[in-house]
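Overview (structure and organization)
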Amino acid sequence: MQTKRYDKNFKIEVIRRACEKGQKVPELSKELGIHETTIYKWIAEFKRDEMNAFPGSGKLKPDDEELRRLKRENANLKEELEILKKAAVYFAKNQK
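This write-up is about the structure you can find in this document. (Residues numbered from 1 in each chain as written. Predicted model: local features only at pLDDT ≥ 70, side-chain atom pairs only at ≥ 80, totals over all residues. Heavy atoms only, no water.)

Attention shifts here to the overall build of the chain. Within the chain, the regular secondary structure consists of four helices and zero strands. Helices and strands in the chain line up, N terminus first, as α-α-α-α. Within the chain, the proportion of its 96 residues that are buried is 18%. Total accessible area on the chain stands at roughly 8,300 Å², and carbon and sulfur atoms take up 52% of it. (Helix = DSSP H or I, 4+ residues; strand = E, 2+ residues; numbered from the N terminus. Buried < 20%, exposed > 50% of the residue type's maximum accessible area, 1.4 Å probe, protein only. Areas by Shrake-Rupley, 256 points an atom, 1.4 Å probe, with all protein chains shown as cover.)

Spelled out as structure tokens, the structure:
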């Protein structure tokens, strides 16, 4: 069974109907054919970080993107350090 995907605007509209218009989540669930738990998760995510909620497929939230960049940079620096260590050993042997 394939998971149905909903775009950011749709999710925000569902949240608006639940939070601003006071429509009950069980009613929305039945009307839209979306499980109640899913709607509650959307509301919680939106309340946690309204500006970065639902970044979209393949996109990361700014903090996650920065973390990925830093991990990649760290891996590159470790690799460079290993190369420099090997070079130092090589040159130390050849100076004797």
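Looking now at the pattern of salt bridges. As enumerated under the stated definition, the model contains five salt bridges in all. Glu 31 is the salt-bridge partner of Arg 17, the closest N and O atoms lying 2.7 Å from each other. Highlighted residues: Arg 17 in helix 1 (residues 8–19) and Glu 31 in helix 2 (residues 25–32), separated in sequence by 14 residues. Salt bridges here are not isolated pairs; linked through shared partners, they connect Glu 66, Arg 69 and Glu 73. (Salt bridge = Lys/Arg side-chain N within 4 Å of Asp/Glu carboxyl O.)

Between its terminal C-alpha atoms helix 1 stretches 16 Å, which fits the 16 Å expected from twelve residues at 1.5 Å a residue. Among the residues of helix 1, those classed as buried are Lys 11, Val 14, Ile 15, Arg 17 and Ala 18. One side of helix 1 carries all its buried residues, which in axial view fall inside an arc of 160°. Buried residues in helix 1 make contact with helix 2 and helix 3 (36–48). (Expected span 1.5 Å × (residues − 1). Arc of directions from axis to C-beta. Contact = heavy atoms within 4.5 Å.)

What follows deals with the nonpolar core. Of all hydrophobic cores here, the largest spans twelve residues; its members are Val 14, Ile 15, Ala 18, Val 25, Leu 28, Ile 34, Ile 39, Trp 42, Ile 43, Phe 46, Ala 53 and Phe 54. Those elements that place two or more of their residues in this core are helix 1, helix 2 and helix 3. With four residues, the top contributor of residues to this core is helix 3. (Core = buried A, V, L, I, M, F, W, Y, C linked by side-chain atoms within 4.5 Å.)

Another aspect to go through is the side chain of Gln 23. Looking at where Gln 23 falls in the secondary structure, it is placed in the loop between helix 1 and helix 2. Looking at Gln 23, its side chain comes within polar contact range of the side chain of Glu 31, at 3.1 Å. (Polar contact = N/O pair within 3.5 Å; in protein donor to acceptor, adjacent residues only side chain to side chain.)

This paragraph deals with the side chain of Lys 11. Examined against the element boundaries, Lys 11 turns out to sit in helix 1. The side chain of Lys 11 sits in the buried core without any salt bridge; Glu 45 is the nearest counter-charge, 5.9 Å away. Aside from chain neighbours lying at most four places away, what touches Lys 11 is Tyr 6, Trp 42 and Phe 54. (Lys, Arg positive; Asp, Glu negative; His and termini not counted.)

To continue, consider the packing of helix 1 against helix 3. As a packed pair, helix 1 and helix 3 sit with axes 10 Å apart at the nearest point and diverge in direction by 95°. One way to sum up the angle between helix 1 and helix 3 is to call them roughly perpendicular. Contact residues: Phe 10, Lys 11, Ile 12, Val 14, Ile 15, Ala 18 and Cys 19 in helix 1; Ile 39, Trp 42, Ile 43, Phe 46 and Lys 47 in helix 3. Considered class by class, the residues forming the contact of helix 1 with helix 3 number ten nonpolar, no polar and two charged. (Axes fitted to C-alpha atoms, helices over the stretch in contact; angles between N-to-C directions. Parallel < 35°, antiparallel > 145°, perpendicular 65-115°, else oblique. Nonpolar A, V, L, I, M, F, W, Y, C, P; charged D, E, K, R; others polar.)

These figures come from the coordinates and say nothing about function on their own.
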